[in-house]
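# Summary of structural features
Each chain, written out:
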Amino acid sequence: MGPARQALRAATRESHDRLDKAELLQPLVRPDITQPQYVRALAVLHGFNAPVERRLGEAGGDGAARLALLREDLRVLGTDPDALPEMAGLPPLDSAPARLAARYVLDGSAHGGRAMLPGITRALGHDARRGARFLASDGLDMAGAWKALMVRLEEELADPAALAAACATAAGLFAALETWTADRWAAERWTADQRG
């Protein structure tokens, strides 16, 4: 593992560990996940991924192929992605190091998604063809994309200032996702309390 990747991992490790335990995302790794929990987790991920991918696209960055899969999964599961809230307060993605960091965060999550897929298939019956295309990165060469990204990270973040900017952006994105996930959980609890 090269120094740029090591630095990015170190910059995001604590947030990553907390997100693994987040109330809305943690069911993704549980064998007893329910359909409503799965849909809520995908909706929360959409609220993060959509604005990040949009910003990357506006900056001439890589495409949003996984976002299209996520939106299709939500529709298959009976949820209109256009009606879902999206997070605000993203760190700026206005530099090449920042965009590389965003790609690192999004593409890194694809590896986690593929690891979750067998459990989702066992528990709910969703697979790479229907309902879990996002987790499967269906039709995408994410291994090849990840390998190419690792090369780019080491080449383009060799300058200490560029690496520092990338690490700050990656940490900021993880922190924003943490806040977004916690806010969505609080909103769900408040709505449940009002109904109760």
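Here, every reference points to the structure presented above.
The notes below deal with the structure included here. (Residues numbered from 1 in each chain as written. Predicted model: local features only at pLDDT ≥ 70, side-chain atom pairs only at ≥ 80, totals over all residues. Heavy atoms only, no water.)

## Things to note about the overall build of the protein chain
The helix and strand tally for the protein chain stands at seven helices and zero strands. Reading the secondary structure of the protein chain in the N-to-C direction produces α-α-α-α-α-α-α. Its C-alpha atoms give the protein chain a radius of gyration of 17 Å, within 12% of the compact-globule value 16 Å for 196 residues. Oriented by its inertia axes, the alpha-carbon framework of the protein chain measures out at about 55 × 35 × 30 Å. Going through the 196 residues of the protein chain one by one, you find that 43% of them count as buried. (Helix = DSSP H or I, 4+ residues; strand = E, 2+ residues; numbered from the N terminus. Rg over C-alpha atoms; globule rule 2.2 N^0.38 Å. Buried < 20%, exposed > 50% of the residue type's maximum accessible area, 1.4 Å probe, protein only.)

## Some thoughts on the packing of helix 2 (residues 35-58) against helix 3 (residues 65-76)
As a packed pair, helix 2 and helix 3 sit with axes 10 Å apart at the nearest point and diverge in direction by 145 degrees. In terms of crossing hand, the pair formed by helix 2 and helix 3 is left-handed. Note on element contacts: helix 3 touches helix 2 through Leu-67, Leu-70, Arg-71, Asp-73 and Leu-74, opposite Val-39, Leu-42, Ala-43, Leu-45, His-46, Asn-49, Ala-50 and Glu-53. Broken down by class, the residue content of the contact of helix 2 with helix 3 amounts to eight nonpolar, two polar and three charged. (Axes fitted to C-alpha atoms, helices over the stretch in contact; angles between N-to-C directions. Left-handed = near helix turned anticlockwise from the far one by under 90°. Contact = heavy atoms within 4.5 Å. Nonpolar A, V, L, I, M, F, W, Y, C, P; charged D, E, K, R; others polar.)

## Quick look at the packing of helix 4 (residues 96-124) against helix 6 (residues 142-156)
Running from N to C, helix 4 and helix 6 cross one another at 150 degrees; their axes reach a closest spacing of 10 Å. As summarised for this structure, helix 4 and helix 6 are arranged roughly antiparallel, according to the angle between their axes. Where helix 4 crosses over helix 6, the handedness of that crossing is left-handed. Across the interface between the two elements, Leu-100, Arg-103, Tyr-104, Asp-107, Gly-108, Ala-110, His-111 and Arg-114 of helix 4 pack against Met-142, Trp-146, Leu-149, Met-150, Arg-152, Leu-153 and Glu-156 of helix 6. Residues that form the contact of helix 4 with helix 6 fall into these classes: eight nonpolar, two polar and five charged. (Parallel < 35°, antiparallel > 145°, perpendicular 65-115°, else oblique.)

## Here's the deal with the side chain of His-46
Residue placement: His-46 occurs in helix 2. When near neighbours in sequence (up to four residues on either side) are disregarded, His-46 contacts Pro-51, Leu-67, Leu-70, Arg-71, Leu-74, Pro-81, Leu-84 and Glu-86.

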